[in-house]
Amino acid sequence: MQEILDDIVATIGASDDRGKVADYIPQLACIDPNQFAISVVLADGRVFSSGDYQQLFSIQSISKVFTLTIALGKLGDGVWAKVGREPSGDPFNSIVQLEHENGKPRNPFINAGAIAIADAIMVGHQPRETLAEILQFVRFIADDESICIDHKVAESELKTADRNASLAHFMASFGRMKNPVDYVLGTYFHQCSIAMTCEQLARSGLFLAGDGENPVTGTRVVSARRARRINSLMMMCGHYDGSGEFAYRVGLPGKSGVGGGILAVAPGHASIAVWSPGLDDVGNSKLGTEALERLVQHTGWSVFA
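All of these numbers come straight from a predicted model, not from anything done at the bench. (Residues numbered from 1 in each chain as written. Predicted model: local features only at pLDDT ≥ 70, side-chain atom pairs only at ≥ 80, totals over all residues. Heavy atoms only, no water.)

## With respect to the overall build of the protein chain
- Secondary structure summary: the protein chain contains 14 helices and eight strands in total.
- Computed over the C-alpha atoms, the radius of gyration of the protein chain is 18 Å, within 12% of the 19 Å expected from 2.2 N^0.38 for a compact globule of 305 residues.
- Projected onto the principal axes, the alpha-carbon positions of the protein chain cover approximately 55 × 40 × 35 Å.
- Taking all 305 residues of the protein chain together, 56% fall into the buried category.
- In the protein chain, the share of contacts with a sequence separation of at least 24, taken over all contacts with a separation of at least 6, comes to 68%.
- For the protein chain, the computed accessible surface area is about 12,300 Å², with 48% contributed by carbon and sulfur atoms.
- The average position of the 26 basic charges and that of the 34 acidic charges among the side chains of the protein chain differ by 7 Å. (Helix = DSSP H or I, 4+ residues; strand = E, 2+ residues; numbered from the N terminus. Rg over C-alpha atoms; globule rule 2.2 N^0.38 Å. Buried < 20%, exposed > 50% of the residue type's maximum accessible area, 1.4 Å probe, protein only. Contact = heavy atoms within 4.5 Å. Areas by Shrake-Rupley, 256 points an atom, 1.4 Å probe, with all protein chains shown as cover. Lys, Arg positive; Asp, Glu negative; His and termini not counted. Charge placed at Lys NZ, Arg CZ, Asp CG, Glu CD.)

## Side note on the packing of aromatic side chains
- All chains considered together, the criterion is met by three aromatic pairs.
- For the pair F170 and F174, a centre-to-centre distance of 5.4 Å together with 65 degrees between the ring planes defines the contact as edge-to-face.
- An angle of 50 degrees between the planes, with centres 5.7 Å apart, marks the rings of Y188 and F189 as tilted. Of the two residues, Y188 and F189, neither departs from the other in class, the shared state being buried.
- Positioned above the aromatic ring of W80 is the side chain of R85, whose terminal nitrogen or guanidinium carbon lies 5.2 Å from the ring centre. (Phe/Tyr/Trp six-rings, centres within 6.5 Å; stacked < 30°, edge-to-face > 60°. Lys NZ or Arg CZ within 6 Å of the ring centre and 35° of its normal.)

## Comments concerning the nonpolar core
- Within the largest apolar cluster, 64 residues are counted, with the highest numbers of intra-cluster contacts made by F66, I194 and L201.
- Of all the elements, helix α5 (residues 111-122) adds the most residues to this core, at eight residues.
- Counting residues in each nonpolar core, the second largest holds 24 residues, with I8, L42, F246 and A270 among its members. (Core = buried A, V, L, I, M, F, W, Y, C linked by side-chain atoms within 4.5 Å.)

## Section: the packing of α5 against helix α9 (residues 181-192)
- Relative orientation of the contacting elements α5 and α9 amounts to 110 degrees, with a least axis distance of 9 Å. With respect to each other, α5 and α9 are oriented roughly perpendicular. For the element pair α5 and α9, the recorded crossing hand is right-handed. Here N111, A114, I115, A118, D119 and M122 of α5 lie close against α9, whose contacting residues are Y183, V184, L185, T187, Y188 and Q191. (Axes fitted to C-alpha atoms, helices over the stretch in contact; angles between N-to-C directions. Parallel < 35°, antiparallel > 145°, perpendicular 65-115°, else oblique. Left-handed = near helix turned anticlockwise from the far one by under 90°.)

## Remarks on the sheet that holds strand β6 (residues 254-256)
- Here we have five strands laid out as an open sheet, ordered β2-β1-β8-β7-β6, and antiparallel in their pairing. Bordering the open sheet on either side are β2 (47-51) and β6, each of which pairs with just one other strand. Across the sheet, the mean angle separating the axes of adjacent strands is 10 degrees when strand polarity is ignored.
- By the bridge criterion, six bridges tie strand β1 (residues 37-42) to strand β8 (residues 270-275) in an arrangement that is antiparallel. (Pairing = 2+ DSSP bridges.)

## Some thoughts on the pattern of salt bridges
- Taken as a whole and judged by the stated rule, the model has eleven salt bridges.
- For D23, the salt bridge identified is with K20, shortest N-O distance 3.6 Å.
- The partner of E101 in a salt bridge is R106, and the shortest N-O contact between them spans 2.5 Å.
- Salt bridges sharing partners connect three or more residues here, namely D17, K286 and E290. (Salt bridge = Lys/Arg side-chain N within 4 Å of Asp/Glu carboxyl O.)

## Thoughts on the packing of helix α3 (residues 63-75) against helix α12 (residues 224-237)
- Here α3 crosses α12 at 140 degrees, and the two axes come no closer than 11 Å. Compared by their axis directions, α3 and α12 come out oblique. In this structure, the crossing between α3 and α12 has a hand that is right-handed. Contacts from V65, L68, T69, L72 and G73 in α3 reach R226, I230, L233 and M234 in α12.
- For the contact of α3 with α12, the class distribution of residues is six nonpolar, two polar and one charged. (Nonpolar A, V, L, I, M, F, W, Y, C, P; charged D, E, K, R; others polar.)

## Considerations on the sheet that holds strand β4 (residues 148-149)
- Strand order in this open sheet of three strands is β3-β5-β4, and the pairing throughout is antiparallel. Sheet topology places β3 (57-58) and β4 at the edges, where each strand pairs with a single neighbour.
- With two bridges connecting them, β4 and strand β5 (residues 194-196) associate as antiparallel partners. Its bridge partner being in β5, I149 is matched across the sheet by I194.
- Of the strands in this sheet, β4 and β5 touch helix α6 (residues 127-142), which is tilted by about 15 degrees from β5.

## Some words on the pairing of β8
- Burial analysis of β8 places six of its six residues in the buried class, which makes it a mostly covered element.
- Sheet topology places strand β7 (residues 261-266) next to β8; six bridges connect them, and they run antiparallel. Bridging from a neighbouring strand, I262 pairs with V274 of β8.
- The turn linking β7 back onto β8 is made up of three residues, and G268 within it adopts a positive phi angle of 85 degrees.

## So, the environment of E3
- Take E3: it is sitting in helix α1 (residues 2-11).
- Residues E3 and K178, spaced 175 residues apart in sequence, show a C-alpha to C-alpha distance of 51 Å.

Don't take any of this as a statement about function, it's just geometry.
Written out as structure tokens, the structure reads:
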């Protein structure tokens, strides 16, 4: 495995065609696009990494997997009254479908859906309390108490919040927000600003590779049925309107973030994290996707194999 990862870093990581960093968030625009990392945590607990795998980065929309997990724990299937389970086919920050579908987001992984999920898990609490719950959950599943929020990134997002604020207020106009919009947005921007390394991120997804149980610690996080359902949503919706292309090329459940990270799950085998800040045209890590495609070719881990 180490040889495979080193080869991926040496070949794909050296590419000149790296995509474009998310410069609409000023703090992310400052990131060096030449960084590249990959980490794999196997079901038996062995960890393999290569590249800049100890570099912290903003996980952004990958956090939506964790908040969905929390929401399912609080509301069960009641979550699906707030968000749908279908691919969007539109950009992650599109407002078009909200108008046609009475303010109900298509799925929990587009921005509107994740804002609705943040609203659901607040259940009357203050943003600070909700963020503490989200952060504690991420630390728990990653088995790492050092994970924190990058407040500079959160402040940067708050300053460029117009589109997401529009989504939230539009949903509120349909009576779909239970908490003050500003509270929900503050929670959402801070959850997206959680900073992790590739190794930490890969560890955090291990419960999804183990049918809901962390195979290293033996701790059950969710039921096997729920883990499979989260994985299915990651497969269908985890890469926005590039989800079909990712399924075609990689064949694994995955969730991307505009910080350049991707969390991918090989059920029964491993949890994988890649990071390369440059994005493709639909907002997914360009080299990260190529790296996962190469990894699956070597391992045969595609769920379609």
